Structure formats: structure tokens, C-alpha cells
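Summary of the model geometry
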Amino acid sequence: MLGLIILSKLFTADEEVFYVLEPIARTDRIEKQKKKHWGDLFFSQTAAPYLFVLPFVISFLIFFLYPIISTVIMSFERIDGPGDVTFIGWQNYTNLLNPHFFNAIWITTKYTFWTLLVLIPLPLLFAVCLNKKTLPCRNFFRSAFFMPALTSVIVAGLFFRLAFGEQDTTLINSMLRVVGISSTVWLQNPNTAMFVMVLLCTWRWLGVNVIYFLSGLQSIPDELYEAASIDGANAWEKFLHITIPGLKPVIVYVLTISVYGGYSMFAESFALFSSARSPGEIGTTIVTYLYQEGFNNNNLGLGSAIGVGLFVLVMVLNIIQLWLNGFFKKEVD
Amino acid sequence: MKKSWVYVLSIVVLLAVAAAGCGQKKETAQASGDGDATVLNFWTFQELHKGFMDDAVSTWNEKHPDKKIILKTDVYPYDEQHNKLLIALQSGTGAPDLADIEIGKFANYIKGSKPGLVELNDIVDPVKDNLIMGRMENYAKDGKYYGIDYHVGAEVMYYNKEILDQAGVDINKIITWDDYIAAGKQVVAKTGKPMTTIETTEHWSVYPLMNMQGSDVLDKDGNSSFDNATNIKTLQMLKDMLYKDKIAVPAPGGYHHSEEYWAWMNKGNAASVWMPMWYMGRFVQYMPDLKGKIVIRPMPVFAGGRKSVGMGGTATVITTQSKHIELVKQFLAEAKLSKEGSIKTWTLLGFDPIRKDAWSDPAMSAPNKYTDYFGTDIFSTLQSVVADIGPLNVGAKYPAAISLLQKNVCFRVLKEQSQTPEEALKAAGEDLQAQ
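Small disclaimer: the values here were computed from a predicted structure and weren't measured. (Residues numbered from 1 in each chain as written. Chains lettered and ligands numbered in written order. Predicted model: local features only at pLDDT ≥ 70, side-chain atom pairs only at ≥ 80, totals over all residues. Heavy atoms only, no water.)

Things to note about helix 16 (residues 300-324) of chain A
The end-to-end C-alpha distance of helix 16 of chain A is 36 Å, a good match for the 36 Å that 25 residues give at a rise of 1.5 Å each. Downstream of helix 16 of chain A by one or two residues, A:Gly326 has phi in the positive range, about 75 degrees. (Helix = DSSP H or I, 4+ residues; strand = E, 2+ residues; numbered from the N terminus. Expected span 1.5 Å × (residues − 1).)

Re the environment of B:Thr44
Looking at the secondary structure, you find B:Thr44 in strand 1 (residues 38-44). If we ignore the near neighbours within four places in the chain, the residues touching B:Thr44 are B:His49, B:Thr73, B:Asp74, B:Val75, B:Tyr76, B:Gln81 and B:Asp100. (Contact = heavy atoms within 4.5 Å.)

Topic: the packing of aromatic side chains
All names here are of chain B. Counting across every chain of the model gives 45 aromatic pairs over all chains. Each ring, one from Trp-43 and one from Tyr-76, has its centre 5.6 Å from the other, and the planes form 80 degrees; the classification is edge-to-face. You can see Trp-43 sitting in strand 1 and its partner Tyr-76 sitting in the loop between strand 2 (69-75) and helix 3 (78-91), a full 33 residues away along the chain. Residue Tyr-76 is classed as buried on the basis of its relative accessible area, which comes to 18%. (Phe/Tyr/Trp six-rings, centres within 6.5 Å; stacked < 30°, edge-to-face > 60°. Buried < 20%, exposed > 50% of the residue type's maximum accessible area, 1.4 Å probe, protein only.)

Quick word on the confidence of the model for chain A
Per-residue pLDDT for chain A has a mean of 85; in total, 86% of the residues score no lower than 70. Element-level mean pLDDT values for chain A span from 40 in helix 1 (residues 2-12) of chain A up to 95 in helix 6 (residues 99-119) of chain A. (pLDDT = per-residue confidence, 0-100.)

Brief notes about the layout of surface pockets
If you roll a probe as big as a water molecule over the atoms, it shows you where there is empty space left. There is about 1300 Å³ of room inside the second largest pocket. Lining the second largest pocket we find 36 residues, and of these A:Pro67, A:Ile68, A:Thr71, A:Leu290 and A:Gly307 sit closest to its centre. For the lining of the second largest pocket, the secondary-structure elements that each account for two or more residues are helix 4 (47-74), helix 13 (235-263), helix 15 (286-296) and helix 16 of chain A together with helix 3 of chain B. Sorting elements by how many residues they give to the lining of the second largest pocket places helix 16 of chain A first, with 11 residues. (1 Å grid on protein atoms, 1.4 Å probe; cavity = no way out; pocket = protein on both sides within 12 Å on 5 of 7 lines; lining within 4 Å. Points joined across faces, edges and corners; volume = space filled by probe spheres on them.)

Focus: the side chain of B:His151
Residues and elements named next belong to chain B. By the secondary structure assignment, His-151 is in the loop between strand 6 (148-149) and strand 7 (155-160). Within the structure, the side chain of His-151 is placed 3.1 Å from the backbone nitrogen of Gly-153, a separation counted as a polar contact. Among all residues touching His-151, those that are not within four sequence positions of it are Arg-135, Trp-278, Met-311, Gly-312, Gly-313, Phe-351, Asp-352 and Ile-354. (Polar contact = N/O pair within 3.5 Å; in protein donor to acceptor, adjacent residues only side chain to side chain.)

Observations regarding the sheet that holds strand 11 (residues 294-298) of chain B
Residues and elements named next belong to chain B. As summarised here, the arrangement of the 3 strands in space is 10-7-11, forming an open sheet in which the pairing is antiparallel. Edge positions in the sheet fall to strand 10 (272-276) and strand 11, since each of these pairs with one other strand and no more. The average angle at which neighbouring strand axes cross in this sheet is 30 degrees, direction not considered. With 5 bridges connecting them, strand 7 and strand 10 associate as antiparallel partners. (Pairing = 2+ DSSP bridges. Axes fitted to C-alpha atoms, helices over the stretch in contact; angles between N-to-C directions.)

Considerations on the interface of chain B and chain A
One frequently used descriptor of interface size is the decrease in accessible area upon assembly of the parts. Counting residues at the interface gives 42 residues for chain B, matched by 38 residues for chain A. Here chain B and chain A share an interface that buries about 3400 Å² over both sides, 49% of which is from carbon and sulfur atoms. Across the contact surface, chain B and chain A share 3 salt bridges. Between the two partners, chain B and chain A, sit 19 residue pairs in polar contact (both at pLDDT 80 or more). Among the elements of the structure, helix 1 (2-33), helix 3, helix 4 (103-109), helix 11 (259-266) and helix 18 (398-415) of chain B are those that each provide at least two residues to the side of chain B that touches chain A. Element by element, the count of residues in the side of chain B that touches chain A is highest for helix 18 of chain B, at 10 residues. (Buried area = accessible area lost by both parts, 1.4 Å probe. Salt bridge = Lys/Arg side-chain N within 4 Å of Asp/Glu carboxyl O.)

Overview of the pairing of strand 12 (residues 314-318) of chain B
Residue and element names in this part refer to chain B. The buried count for strand 12 comes to 5 of 5 residues, which makes it a mostly enclosed element. Along strand 12, one buried face is formed by Thr-314, Thr-316 and Ile-318 and the opposite face, lined by Ala-315 and Val-317, is buried too. Relative to strand 12, strand 3 (residues 98-102) runs antiparallel, the two being bridged by 5 bridges. Bridge assignment links Leu-98 to a residue of strand 12, and that residue is Ile-318.

So, the nonpolar core
Core analysis: the biggest nonpolar cluster contains 143 residues, and B:Tyr158 and B:Met241 have the highest contact counts within it. Membership of the second largest hydrophobic core comes to 56 residues, among which are A:Leu124, A:Val196, A:Ile242 and A:Val308. (Core = buried A, V, L, I, M, F, W, Y, C linked by side-chain atoms within 4.5 Å.)

Details of helix 11 of chain B
All names here are of chain B. By the criterion of burial, helix 11 is predominantly enclosed, with 6 of the 8 residues buried. What helix 11 keeps buried is the set Glu-260, Tyr-261, Trp-262, Trp-264, Met-265 and Asn-266. On the buried face of helix 11, the contacting elements are strand 8 (196-198), strand 9 (248-250), strand 10 and helix 12 (280-286).

A short note on the pairing of strand 11 of chain B
All names here are of chain B. Among the 5 residues in strand 11, 4 count as buried, and that is most of the element. Across 5 bridges, the pairing between strand 7 and strand 11 is antiparallel. Bridge assignment links Val-156 to a residue of strand 11, and that residue is Pro-298.

Remarks on the pattern of salt bridges
Where side chains of opposite charge bring their charged atoms close, a pairing between them can arise. Residue and element names in this part refer to chain B. Summed over the entire model, instances satisfying the criterion amount to 21 salt bridges over all chains. Notably, a salt bridge pairs Arg-135 with Asp-149, separated by 2.9 Å at the nearest N-O pair. One end of the pair, Arg-135, is in helix 6 (residues 134-137); the other, Asp-149, is in strand 6, and 14 residues separate them in sequence. Take Arg-135: its relative accessible area is 0%, and that puts it in the buried class. Linking Lys-426 and Glu-422 is a salt bridge whose minimum nitrogen-to-oxygen distance equals 3.3 Å. Here Lys-426 and its partner Glu-422 are both found in helix 19 (residues 421-434), 4 residues apart, which amounts to about one turn of the helix.

A look at the environment of B:Val217
Looking at the secondary structure, you find B:Val217 in the loop between helix 9 (206-212) and helix 10 (229-243). In this structure B:Val217 touches B:Tyr207, B:Met210, B:Asn223, B:Ser224, B:Ser225, B:Phe226, B:Ala401 and B:Leu405, once residues within four positions along its chain are discounted.

Overview of empty space enclosed by the protein
Applying the stated criterion across every chain, the model contains 3 cavities of 30 Å³ or more. Of the pockets and cavities examined, the largest cavity occupies roughly 90 Å³. Considering the residues around the largest cavity, the lining is formed by 14 residues, among which A:Asp80, A:Gly81, A:Pro82, B:Asn108 and B:Tyr109 are closest to the centre. Only helix 3 and helix 4 of chain B provide two or more residues apiece to the lining of the largest cavity. No other element matches the 3 residues that helix 3 of chain B contributes to the lining of the largest cavity. The residue inventory of the lining of the largest cavity, partitioned by class, reads 5 nonpolar, 6 polar and 3 charged. The calculated volume of the second largest cavity comes to roughly 70 Å³. Looking at the second largest cavity, the residues that line it are A:His100, A:Tyr289, A:Gln292, A:Glu293, A:Asn297, B:Ala400, B:Ser403, B:Leu404, B:Lys407 and B:Gln435. Of all the secondary-structure elements, those providing two or more residues to the lining of the second largest cavity are helix 15 of chain A together with helix 18 of chain B. Top contributing element to the lining of the second largest cavity by residue count: helix 18 of chain B, with 4 residues. (Nonpolar A, V, L, I, M, F, W, Y, C, P; charged D, E, K, R; others polar.)

The structure is reproduced here in C-alpha cells:
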């Protein structure tokens, strides 16, 4: 319904189309010109863009906007089965204030913090190295870094789970034993489990961020570096005063998507612990908690409330972050 | 003119894509009406169950040439199948005729006042006397039965005879838990190997022992009974086995279904483990080196407790969305409630049948891969304990309760040791009541 209203608004903006869609009292003339006008609609420069974005608009309305609205509605309901829905006001949100949810926020925040700390400086450094024309096998490294992003996170998670097993014979433990470090139970301790999750994330997303930074680096003109060299700047000074400011838009972009990516993490934890349930909730993120409540415990109302909570949290964080980075100032200027 | 054709074509394609979802459904509906065979859909998460059902269909088609069935089975991963079914039932469309639901998830599907599952009393009631009814109550609500299990899942002890012989322990003399712990100390002293392994991230070690003493995590009304004295005592007993008596080790990988555990156990690293009957399949499949070394015996008993309990389970259900409910009911009754069907759960799946009269049937002692592995006395051992098996208290909060038991109680008490049994069980109880 909403879609139709928007669509008719789009079309009525154009005088010609209006004429076609609202054939009031001018039927005779339209009869003659009908064919021509439908052709005009196809070739009209005003209508064509709308037609082209139509598939996106429709899929957005059906697969994004509708579920979002219905999630908000469901977060105020208790859903016991088909046709067995009770409106319960803020009850789901009151129930949300429990230790599990706070633990999930805490774990997810720690995870996001560590991924930001690793996944911005490290790819930046790699990108600068890979951008040097003197580096041998440049293209090989570029694709090698990107490769993990193409693997399924479930497959990668399974590999990490087995590699970080607790036996002496597992990949990581056997390597550590060579250098004299005794075997560790990786996935049943909060700190080591967090380490494995961040490592898995780093392994997968490093290459993607490298690509972002590489494309950013290529937009910085060489003249700036040349000029700096003439003024006697060393490599570090050039990096600090040309590369970093030049990459700022890319850094802000990567930061924004990483905050979102960190807070919506699900698959890594799910694959590492082979279910949404982790021992002592050491790997419970907001989304795995949502999954547990919504699907494993069939409490879709509470699950929806968690989803709304996550949405608010990520929005607030990103707005603060963008504001701190001066994103809104530019718009005012 | 050419350009406009491109436009028209792209719009047609777009509409075709949009309509594809609706089209598919019509096709299946048509197919089921075609010819003399009825097409039924079945969802499961267990490949083995597909084989069982396919066999049941061919038996059915031989017996009832006038009511032939074609069964289309989809095998999904565990979580995915349960989620898909839940969504299909919630939204009122897209559910199969038949589906498997694991006991830990079952409460989710009969939560509302109008469950999406068909009541099965008219096929269960006629054979009630022959069934181990404790296993039927797990899938019932207000006296209505909604699912039929594949097996009893009797809890038993798997002993590694080689290690116990080495330690000089006679397994037939282990009757009580005190005997078991004493034997464990002897095993540790003589062989240096632990008597058993205890799960720290799942519940298969502690939960059956609670049930054997008549306790549970929920009471009859579905409220928490986490912190009752029996549960605290049981959890303390396991903790003592691990850290005081030192006859047990935490299961490598955290639970008895992890790849690491199977690899470790396969090397003959522990003298025994208690798991339900269906764990036989795991031994045969994943621990081939223990063939001929493992013997099955009844559980050690608690004073005044039960000899065994039925653990785990998967029920086959019929959804209310099925268009052939009567036919599916008749088929399900023949496949799983008849004596022949029940015997097949043993011969095909290696499960302990839910029909009592199947247990004494000669077919049960015929050699197969399980008797090759564990010896021929499996069922004579089990017959002595099966009558003692009662229901669990499976209320609406059961999935949440089991999850708390796994991730919080067992882990914090038995692995992390950050909480005492009493603290952990109290916390879990309060947590569950607040939900």
C-alpha cells in the first residue's frame, strides 16, 4: 500500500505521466494518443530513472521496510503461535533489562573494540606497503589478503574451532608446544575465546579493509608526496601529514561499517561454538542472544525487542562517532 | 521499437521473478492430487531418519496398494530445520505434512492455545498398553499427544572392559554409585586413566542423574525446580568426582558429541561413560577402535532411585497444515507405533524401541553391527531396567531451562569452578522464573 502511494507520488510529479494515469474527461484525445504516450512513458527522461530503481524500491519495501515495521510491532507483543498474539506494552523491554542482555552488550562491545583496534591500523599499514611500487609480488599479496573474505564464515569458523581445540594434537596447540608453551583450552575461557573470535574476524576482513584503503591511497595525488620530499619531509612525516588526512573519508567509512559489523556479529560465534549457545555465555553477542530467545526459545516478542535495542544502540554509537569525525559539520557548511 | 521490447521484457522478467514464489506452491498441490499415489512432505534433521521413513513407505505401499504414498524428505541441519518449521507454523503456511522435532525444542511448538500440530490420541490410545508411556508424556499437553518418539533412550553405562580388567574391577559387581566411585579410584590407581568423563558444556552427564532420583529442572507445573536439594547434591557429586575423588575428567571439547571427544575416547583414554542407548551409534560410527572392548550395563543406582531414565528423543509430528491428515496418521501409526515398525527402529537405526512387546522379540537378538560391536546381551541387560522409565517434566520453559543448565550451571560449576553448585542452581532458578 505504502509502495503504491510512493509510486503514484513519483509519477504525478511528471506532468505527462499524470496525463496518462488520470484520463479524466479527455478520453477521446487520449484514445488517439494512448499508444504514443505509453511510448513516452518508456522513453521519458523523468520516468526512466524511477523505473530503473523500481526493483530496488520494491525489494526494499517488501524485504526491509515491512520487516522493520513488523519487528517494532512484534516487540510489543507476546507471540505464542498462529493467531495467539497478545499486546503486552513495554513488557518485553522490561524483560530485556536482564544480566544476559547486559552480558551480550558487554561481550559485543569488547569484540567491536578489539576489531576496531586491529582492523583499522593493520590494513592501513598493509595498504601503504602494497601501494609501494617497489614491493615484489604486489598483486599476489593483494589477492592473497582478499581470499579469506570469499570463504564462508561457517567453513572458516569450523576450521578455527578444530584448529583451536584443546588437545595437544590440535594445530595451534601442537605449534605452541614446539616453542614450549603448554596446551590451552581456547574456547572455554572468556579471554582466549575473545582472542579467537577477533582473530577469525581479522583473518576474514583484513583483505577487504586493505582494498578500501588501497583505493583511498590511489586518490592521493603523487605531487603532494613529491612536494613534501622537496621540503625535506621523511617517510613518517609524509604518512602522518599526507596519507592519514588524505585517507580520512575512507577511515571514517571503514569505522562506520566496522562498528555496525562488530555489533551485528553472529556467524563467527555460532560457528566457533557450533551453536548460538556458548559455555558461560563467553561468546554471546547481541545477535546470538536474539537468535536464542527468538528461535531457540520461541520468544519472538523478546527477540524483536532485542533487535530494536541493537538498532538503537548502533545508531547512537555511529551518530556519535560520525559527529566526532566532523561528518555533520561539512553538511552544515 | 527495439528499445521498448527490452523494457517490456525486463518488466516481464521482474514480474515472473516476483510471482515465482506463488507458482511453486501451486505445483506441489497439483502433484499431490495427480495419479493414485499421495505425495507427502517430511522434514528431518537426521539423515538416518530418512532411511527409516523410506523403508516404512515401501512397507506401507506393499500393504496398501490402494493408498500409495510418495514421501518427499528434506534433511536440514538441526537448527535450520527447527527454525524453518517454527516459522512455517507461526505464519500458517509452508509446513510439511510430517516433521521431526527434538525433545529439547518440542515445548516451543505446543506453546500457544492453538498448536500447529495434530493431536494423535486416536492412534496412540489403542496401543497404550504396549508403549512405554513415559516417553509419550514428553510430547503431550493437557492429555493430548502430539508426537511419537523413535526410541526410549534408556540411560546406560558403557564400560571399557579392557581397562577395567586391567584394574581388576568386576563390572557386574558395580551396583550403586558408591561401588562405581570405589571402582573408579581403583582404576585411577592401577591404570592412571580416569574412570569417566563429565560434560561441562552440555547436560548429558548431570541431567540423567537428577532424573534417576526423581528430580528435574522444572516441576510438574512447569516452574523452576533448579535449586532443590537433590539437584544440588547431584551436581556436588559430579564436582567431587572431578576435583576431590579425581576419578573423572571434564570431557575433552566440553561434551560427548565433540569431534575432539570421539578422537580422544577412541584411543581408550577413559574406563567408562554414561550416555543414553542411542549413543551406541556414536561408538559404532566415530570410535571404531573400541569395537569389542565396550560392554553395556545398567546404570549404578541411587538408594530409592530409578534404575534408568529415558534421555533425549525426537518426535515425529503431523502439522495441521497437512491436507491428508487421516492418511498421514494411519501411516505414522504403522511406521512407528506398530510392533513391526518398532522392531525396525532397532534393526535400521540401533534404537531401543518404544514398544515393550518388541523388546522380547527374537528379531532383537539377531546379529547386526551393534551386536558385533557391543556383544549380544544388549537387550537382556536393558529389559531389567526399562519398566522403570518415567516421563520428564517438559513444560513451556524447558528449552530455556536446558539451555541454562548447559551454558551456565554445568560450565560454571564443573569447568570454571566460579560458582558452587548451590549458587549456580539458585541463579539459574531465579533466571528462569524471571523469564
